[in-house]
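# Structure assessment
Residues per chain are reported as follows:
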Amino acid sequence: MALNILQVIFGLSAIPPCFFMLIEKEHISSNGRLIDFIPQNSIFEVALALTGLAIVICGLLQLKARTAYAIFNILLGFVITVLSALITVQIIRTGYFDIPTLHIFGLMLLACSFGIISVALVQLKARFNDPAQESEQLPENAGL
């Protein structure tokens, strides 16, 4: 259950870096900075890549514990990691990334993070509706 809650937290934490990454890169292309305290490198992309790695690790732990739908978390976390790493390498290497392509990748990253949140919530709901837990609680309730 703790891994499911961590998946929700990691899914939620992937949304702000992606959002600010898209806004920041759009404003940088027009010679303006929206956020002054963050350097003009790829900090948001690195944060997304690390979040994706954390999601993959949690998914692998869920797979080891035989949690349902763990493979979806692994795949979505892997997509977040790969896309973020691709954007990071391109920006570090050339200092530029095509804004329309970045928006497509950003929307894909947002979709993956919402997918992770949805899968984790389904896993939590399945955990709460587990028939094994209900059968364990029945004798306690029967005595009341």
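See above for the structure.
Each residue is numbered by its place in its chain's sequence as written, counting from 1. Confidence filtering applies because this is a predicted model: local features only for residues at pLDDT of at least 70, side-chain atom pairs given and counted only at 80 or more, and all residues used for totals across whole chains, interfaces and linings. Here the side-chain values reflect all heavy atoms present in the structure, with hydrogen atoms and water set aside.

Further remarks concern unusual backbone geometry. Residues other than glycine seldom take positive phi values, yet arginine 66 does so here, at roughly 60°. Put simply, DSSP H or I for four residues or longer makes a helix, DSSP E for two residues or longer makes a strand, and each gets a number counted from the N terminus. Following the sequence through the fold, arginine 66 ends up in the loop between helix H2 (43–64) and helix H3 (70–94). Between buried and exposed lies partly exposed: a residue is buried under 20% and exposed over 50% of the maximum accessible area for its type, with that area taken using a 1.4 Å probe on protein chains only. With relative accessibility at 78%, the residue arginine 66 sits in the exposed group.

Another point: the side chain of serine 113. In this fold, serine 113 is placed in helix H4 (residues 99–128). Exposure remark for serine 113: the relative accessible area of 0% places this residue in the buried category. Here a residue-residue contact requires only that any non-hydrogen atoms of the pair lie within 4.5 Å. Ignoring any residue separated from it by four or fewer positions in sequence, one finds serine 113 in contact with Gly11, Ala14, Ile15 and Ile80.

The next thing to look at is the packing of H2 against H3. Two numbers describe a pair of packed helices, the interaxial angle and the distance between the axes. Across the interface, H2 lies against H3 with an axial gap of 7 Å and an inter-helix angle of 160°. The orientation of H2 with respect to H3, classified from their angle, is roughly antiparallel. Crossing hand, H2 versus H3: left-handed. Two secondary-structure elements touch here, H2 through Glu45, Val46, Leu48, Ala49, Gly52, Leu53, Ile55, Val56, Gly59, Leu60, Gln62 and Leu63 and H3 through Ala70, Asn73, Ile74, Gly77, Phe78, Ile80, Thr81, Ser84, Ala85, Ile87, Thr88 and Ile91. Convention adopted: a line fitted to C-alpha atoms gives each axis, helices being fitted over their contacting stretch, and angles between N-to-C directions are expressed from 0 to 180 degrees. Angle categories are assigned with fixed cut-offs, so that under 35 degrees is roughly parallel, over 145 is roughly antiparallel, 65 to 115 is roughly perpendicular, and the rest are oblique. When the near helix sits turned anticlockwise from the far one by under a right angle, the crossing is termed left-handed; a clockwise turn instead gives a right-handed crossing.

Here the aromatic set is Phe, Tyr and Trp, taking the six-membered ring for Trp, and pairing holds for ring centres within 6.5 Å; pairs whose planes are under 30 degrees apart are stacked, those over 60 apart are edge-to-face, and all others are tilted. As enumerated under the stated definition, the model contains one aromatic pair in all. Relative to phenylalanine 72, the ring of tyrosine 69 has its centre 6.1 Å away and its plane inclined at 25°; by these criteria the two rings are stacked. For tyrosine 69, a relative accessible area of 44% translates into the label partly exposed. For phenylalanine 72, a relative accessible area of 43% corresponds to the partly exposed category.

With that settled, the discussion passes to the nonpolar core. Cys18, Met21, Ile87, Leu102 and Leu109 are the most contacted members of the largest nonpolar core, which has 21 residues in total. For this core, the elements supplying multiple residues, two or more each, are helix H1 (2–29), H2, H3 and H4. The element best represented in this core is H4, accounting for eight residues. Look past the residues within four positions of isoleucine 87 in its chain and what remains in contact with it is Met21, Glu45, Phe97, Leu102, Phe105 and Leu109. Put simply, a nonpolar core is a bunch of buried Ala, Val, Leu, Ile, Met, Phe, Trp, Tyr and Cys residues held in one set by side-chain atoms that sit within 4.5 Å of each other.

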